[in-house]
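Take a look at the letters that make up each chain.
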Amino acid sequence: MKQIKRWVRTYSLFILFASILFFLIEWLVKKEMIPAFIIPAPTSVIAMIIENWKPLIFEHLSATMLEFSIGFLISVIGGILLAVWMFFSKTMEKIVYPAVLVSQMMPIIALSPIFVLWFGYTIWSKVAVTVFISFFPIVVGAYDGLKSGDKDYIELLRSMGATRWHTFIKLNIPMALPSFFSGLKLATVYALVGATIGEWLGASEGLGYYSRRMSGNLNAEGVFAAITILTIVGILLFAFISAIEKKALFWKKY
Amino acid sequence: MKQIKRWVRTYSLFILFASILFFLIEWLVKKEMIPAFIIPAPTSVIAMIIENWKPLIFEHLSATMLEFSIGFLISVIGGILLAVWMFFSKTMEKIVYPAVLVSQMMPIIALSPIFVLWFGYTIWSKVAVTVFISFFPIVVGAYDGLKSGDKDYIELLRSMGATRWHTFIKLNIPMALPSFFSGLKLATVYALVGATIGEWLGASEGLGYYSRRMSGNLNAEGVFAAITILTIVGILLFAFISAIEKKALFWKKY
Amino acid sequence: TENTTKNNADKKLEDISIMLDWYPNAVHSAIYVAKERGYFTDEGLNVHIEMPADTNDPLKLAATGKVDLAISYQTQLLVSRAEGIPVVSIAALVRHSLDAIMFKKESGIDSPKDLEGKNIGYPSASVNEAVVSTMVKNDGGDMSKVKLTDVGWDLMSSLATDHVDALTGAYINHELVLLQKDGFDMDTLKLTDFGVPDNYELVVITGEKTLAEKKTSLEKFWRALTKAQEDVNKDPKASLKILLDHEIDSFPLDKDVETESLQVLLPLMKESNIPFGYQEEDVWNEVATWLYESKVLKEKINPKDAFINIISK
Amino acid sequence: MTLVLKNVSYSFSNKGNENNKVISHLTMQVNQGEFVSLIGKSGTGKSTILKLITGLLKQDEGEILVNGKCVSLGDVGYMPQRDLLLPWRSIIDNIMIASEFQKELKITREEARKWLTRVGLKEYENAFPNQLSGGMRQRAAFLRALLTDKDLLLLDEPFGALDALTKKEMQAWLLSLWQELNKTIVFITHDLEEACFLSDRILLLQPNKIIEEIKVDLPRPRMPKLFHSIELVKMRCELENRITNETD
Amino acid sequence: MTLVLKNVSYSFSNKGNENNKVISHLTMQVNQGEFVSLIGKSGTGKSTILKLITGLLKQDEGEILVNGKCVSLGDVGYMPQRDLLLPWRSIIDNIMIASEFQKELKITREEARKWLTRVGLKEYENAFPNQLSGGMRQRAAFLRALLTDKDLLLLDEPFGALDALTKKEMQAWLLSLWQELNKTIVFITHDLEEACFLSDRILLLQPNKIIEEIKVDLPRPRMPKLFHSIELVKMRCELENRITNETD
Ligand SMILES: Nc1ncnc2c1ncn2[C@@H]1O[C@H](COP(=O)(O)OP(=O)(O)OP(=O)(O)O)[C@@H](O)[C@H]1O
Ligand SMILES: Nc1ncnc2c1ncn2[C@@H]1O[C@H](COP(=O)(O)OP(=O)(O)OP(=O)(O)O)[C@@H](O)[C@H]1O
Ligand SMILES: [Mg+2]
Ligand SMILES: [Mg+2]
């Protein structure tokens, strides 16, 4: 209860702002200043969501969330491992960093047959896209964070006979957290977008698939219904990660 | 000369690794273990680039780079301004952060009609996509960085009568740089990808357009020729930003 | 030998996958009817329906054998053969062109010549450029005065927001219907009226390897589909209902749009005295020649290699 | 320039388990041109008092007046206990930082260089803080506070990390400076001899929050040889006894 | 446990303009169970010597031997000049950190708590470093070095930020500990009295890189009252003169 209250107070401004935007768009659409097939009236989007909430939530959202969860998990674990590996081995850094960069320059659409070829039409092709899109910020965030460890502190621990591994655990990791969390927050958003894009590579459910099909039918309400749900989920996830960040960096407040 | 030498030494491992990959793919394609229309033989991609280097470089690359440059500039300036604004005003933070997040949850494809509506098929629709994709990491990087300023140092300056603006300039900015640069590196890559995607929404030149067109003609060599050039440019840009980062954070080495 | 020992009911079904050209719509009614009414199972097939990420994925994935069958475009199949992608057309799904130059009536376009000074949107394919060029030249116009804009994914909105004056590469059974439904007064120019050879817009294709290995299964597939197509012809309403019902839970397809779409499609899918799907060599020759002359194909290819009739006349 | 603290109390709210008052009903006064030392056991709140005077912390109760007006940030020169030199600035840029946001401060690099020479950091003008020894950093931090050019200087253990010789030099130098520039100084130290040598008055902070005043009646100007004088040694012994007795 | 430095030289390479030797041909020896103080002007390289002994810096020339073997990281207990407490760890976790990566170290939280009580930080067990005063932080850093449980302790101004009384207590306590646990200690200080009171020998580092040895012949065990003894005062004066004369 108290938490909800605080939340409302914190975000009241945004809610106000969003409401104004809501009514502005509604008005613009109603006055036909914006064509409804490009940006639909917010009320009709809401109507669309209410009308189709069952398949939207239980079928599409849950499918997208499953892809997101698996992909995000792999991204986080894989991204951290990669960053750690690069941190420990200059050799790996010189090989991996450029390779990671190369991967990010590849347009997903050009790679879509490859994803399908390797992963088929299973959930794994969508997971692969999710991972593909979201692991880069994690790698950069974690790696930059690990590298930023304060020399003096590291020397102190080393003087106590700490191995590289120990200084890593006791120092580099805590010191990498701020930067890592920046990357993690980005990755959360990108992973959700990634799951959505992944669904274009041949899916039969999921919010991304839904929005794309609705777009093919010039059904703007449908497109924005999916986007609205995705956005809400995205904000919640972001807020969740931010809360964890705050917990993990509690000592910053002293 | 000396710099080139050092560069080669630094990246020799990656070059070795890339060469092995190069020959591996060449071999796999030649042995028909990977169909050439999905991943073409590297040699034929190179042949394609050499054959068409003039239009590729002067027409398409230059068009993409123009979009990239304008978009990246706007992103960096806009992203920094937004981050600063959020840093100075809790109110703005509460409004802007969620709004920025919302924007990132919108799939570009769903927004493409809006981009077209507002910007038509001019360079500005591509710039808009570039900005749209690349400003998020800058905002997060700069904002997280600004917030991370060390309390003790800030107190010291304030005791000298520094205004919020002064501590901002003398302390928050230098302290935000590491985090900001992490975001900037990501943004560079995303801006390039963004320019490419922007071109898919309708263009008549640019590497993104070229690759999409070649893909439409089922010419895999053409697609990968464009990707190869984009990748090389992307790595160079990333390396460039990393070099600036190193310069800006020179004092870390003491 | 297995089949003979077991009775029909628990006979092991053979998996066959087909990738649609795009998302399910009226043109695919027969596939869903055949599936729903068990025509595929009767033939011993278990059909999986897949959807592509990109319009060229069906070709590539059929070529690699990742899917057994795919629906693609006749012109695109010829282009891919020229690129050395080993795909073959086994049947024509739609026997005539669905493409047309479409524009708002108010734009004052009467014939392709009027496109001079106009801006035409197209979805980044060389074939579309060839279409416009052929039509304008055929009508005595000057192609250099026609502006073509690649509009990517946004065919409909680019026209609706007046960023282009006309569209090519948009279908009369989909984009046209939708635009009209949104209240635009539309007009079209038929391709075949201005020197572009009629083509089989949609063909069912397979990879060369799959064809060699699974020819009998593909024949079974086509037999079932033919039967379903007859149902569709007889009772379009009921067939459409099957399609709509199949999709109802997740995607409320617009019933009016699909009904009209099917109305447009059905006459273009059949031809008297010719079995459903049968392909004429002449049509392939004409299209291939036109593509070559329009420089869409960089080398001459033998159209005979591009198709094989899975049913005889 | 008089500094008055009236009935000031302060407690850290986020202190964990306890929420005890660090400063409790503290009243003290420092007159224009006076040199006052604050001594007391570790953790009795000496640094906290200075932070309150600068305005960085806000007292829960009471008043802090500088020249009769409520104190506000930037009114005093403050040298914190940790040196807090900005690692990305060279030493000269570090000590000149105040002049970057106080317009009325007009210190040229030439002058700053002269000050560096006077504290023996001439060669380190362009070095970065991490390249300096502990004592050198402290001297730089001291200069930074001095170059704010305020009449009231708050110095938190400015010479704690200096060797005996440098310390003596710095002390003598600080005294001459103090007389020459007519500054008012509040000085925290742990070195009782130093406190006696420099101060007009010594304020002894007790853990039980009572403040005790000791007047230093040594004649001015005071010269380093005073260190070996019997008066100073006696005074120091007395001070020591006082601390020991009061606490036990 | 003997420590031998033979002909050791060291210079910082990235020092900016100059590239001068901080340590030049230094030879010294510390015997088993000895308490040796290092004094000298700020910037003469005292901290650098300790860093060399720990193995954090590698000498350019010469040998550093602990028990006849080349020194390696983790052989000695080291307390740096800056306290360097990890801000995200509570005080007790900070002082116990060494036991987390030295298996042979078996210090329970109970024991750690006892040590905290002995230095007067009992109530701050769960506080975070930023909540402590300067002197408290220094005591915590000292405990951290002590709890590495090494025979050779290198202490870089351990009591620099302590008030006179706490300092005296800590000194007496350190002496008793030293005798009880039979440690070898190298101690940097600026407080000459402290050096005299604690040490067996005092090594005076001169800016011209020559090292001078002063034997402290005061009887052990030494009690706080020794501070007021004439021997100690004399010794201190002599030391002071020595520094002053040598330098000028
Ligand atoms: N990281 C570094 N890079 C360059 N020079 C350094 C570095 N650390 C120390 N120095 C230099 O080495 C010299 C000796 O420094 P050191 O810290 O050993 O002095 P110290 O005797 O401990 O002084 P203090 O008593 O002030 O702590 C100084 O001149 C200092 O400028
Ligand atoms: N940020 C903080 N949060 C909570 N408690 C604090 C904080 N800063 C200081 N304290 C507490 O306030 C008390 C007084 O601290 P202060 O730094 O003023 O002591 P001090 O007299 O300067 O000691 P020292 O001589 O050791 O520097 C201490 O008990 C300390 O634990
Ligand atoms: Mg203090
Ligand atoms: Mg030192």
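Residues numbered from 1 in each chain as written. Chains lettered and ligands numbered in written order. Predicted model: local features only at pLDDT ≥ 70, side-chain atom pairs only at ≥ 80, totals over all residues. Heavy atoms only, no water.

Turning next to the interface of chain B and chain A. In this complex, chain B contributes 51 residues to the contact, which on the side of chain A involves 53 residues. Carbon and sulfur atoms make up 81% of the surface buried where chain B meets chain A, a total of about 4,900 Å² over both sides. For the chain B face of the interface with chain A, the top three residues by lost area are B:Lys94, B:Met105 and B:Leu186, together amounting to 13%. One can count two salt bridges joining chain B with chain A. The closest approach of N and O atoms between A:Asp144 and B:Lys185, which form a salt bridge, is 3.0 Å. Among the elements of the structure, helix 1 (2–30), helix 4 (90–105), helix 5 (108–119), helix 6 (123–147), helix 8 (164–200) and helix 10 (220–248) of chain B are those that each provide at least two residues to the side of chain B that touches chain A. For the side of chain B that touches chain A, the element with the most residues is helix 4 of chain B, which contributes 10 residues. Its residues placed into classes, the side of chain B that touches chain A shows 36 nonpolar, eight polar and seven charged. (Contact = heavy atoms within 4.5 Å. Buried area = accessible area lost by both parts, 1.4 Å probe. Salt bridge = Lys/Arg side-chain N within 4 Å of Asp/Glu carboxyl O. Helix = DSSP H or I, 4+ residues; strand = E, 2+ residues; numbered from the N terminus. Nonpolar A, V, L, I, M, F, W, Y, C, P; charged D, E, K, R; others polar.)

With that settled, consider the coordination of the magnesium ion (ligand 3). Within the protein, D:Ser47 (OG) and D:Gln81 (OE1) serve as the donor atoms for the magnesium ion (ligand 3), at 1.9 to 2.2 Å. Residue D:Ser47 is located in helix 1 (residues 46–54), and its partner D:Gln81 is located in the loop between strand 6 (77–79) and helix 2 (91–95); the two are separated by 34 residues in the primary sequence. (Donors = N, O, S within 2.8 Å, 3.2 Å for Na, K, Ca; no water.)

On to the UniProt feature "transmembrane region" (unreviewed entry) in chain A, then. All names here are of chain A. This chain's UniProt record puts "transmembrane region" (unreviewed entry) on residues 12–29, 68–88, 95–121, 127–146, 180–203 and 223–244. Segment residues 12–29 splits into 100% helix and 0% strand. End C-alpha atoms: 25 Å apart. In residues 68–88, the share of helix is 100% and the share of strand is 0%. The end C-alpha atoms are 29 Å apart. (UniProt positions renumbered as here; feature names shortened; annotations may be inferred.)

Let us now look at the relation of the copies chain B and chain A. Once chain B has been moved 0.0 Å along the axis and rotated by 180 degrees, it coincides with chain A to within an RMSD of 0.3 Å. Look at the turn and shift together and you get a two-fold axis relating the two. Ranked by how close their C-alpha atoms come to the rotation axis, the residues of chain B are headed by B:Ser179, at 3.2 Å. Take the interface residues of chain B: 100% of them recur as interface residues in chain A, which is what a same-surface contact looks like. (Least-squares fit on C-alpha atoms with pLDDT ≥ 70 in both.)

Moving on to the sheet that holds strand 6 of chain D. All names here are of chain D. Ordered by their spatial adjacency, six strands build an open sheet running 6-7-8-3-9-10, and the pairing between neighbours is mixed. Taken across any chain shown, the strands that pair with only one partner, and hence form the sheet edges, are strand 6 and strand 10 (211–215). The sheet shows a mean angle of 15 degrees between the axes of neighbouring strands, direction not considered. Inspection of the sheet shows strand 3 (residues 35–40) paired to strand 9 (residues 201–205) by five bridges, in the parallel sense. Its bridge partner lying in strand 9, Val36 is registered against Arg201. (Pairing = 2+ DSSP bridges. Axes fitted to C-alpha atoms, helices over the stretch in contact; angles between N-to-C directions.)

Glancing now at the site of ligand 2. Neighbouring ligand 2 are 22 residues; D:Ser42, D:Ser47, D:Thr48, E:Ser133 and E:Gly135 lie closest to it. Among the chains of the assembly, those with residues near ligand 2 are chains D and E. A distance of 2.6 Å separates an oxygen atom of ligand 2 from a polar atom in the side chain of D:Ser47. The separation between an oxygen atom of ligand 2 and a polar main-chain atom of E:Gly134 is 3.2 Å. In the complex, the protein chains occlude 92% of the 640 Å² of accessible area that ligand 2 would expose alone. Those elements that place two or more of their residues in the shell around ligand 2 are helix 1 of chain D together with helix 4 (134–146) of chain E. Residues of the shell around ligand 2, tallied by class, amount to five nonpolar, 14 polar and three charged. (Near = heavy atom within 4 Å. Polar contact = N/O pair within 3.5 Å; in protein donor to acceptor, adjacent residues only side chain to side chain. Areas by Shrake-Rupley, 256 points an atom, 1.4 Å probe, with all protein chains shown as cover.)

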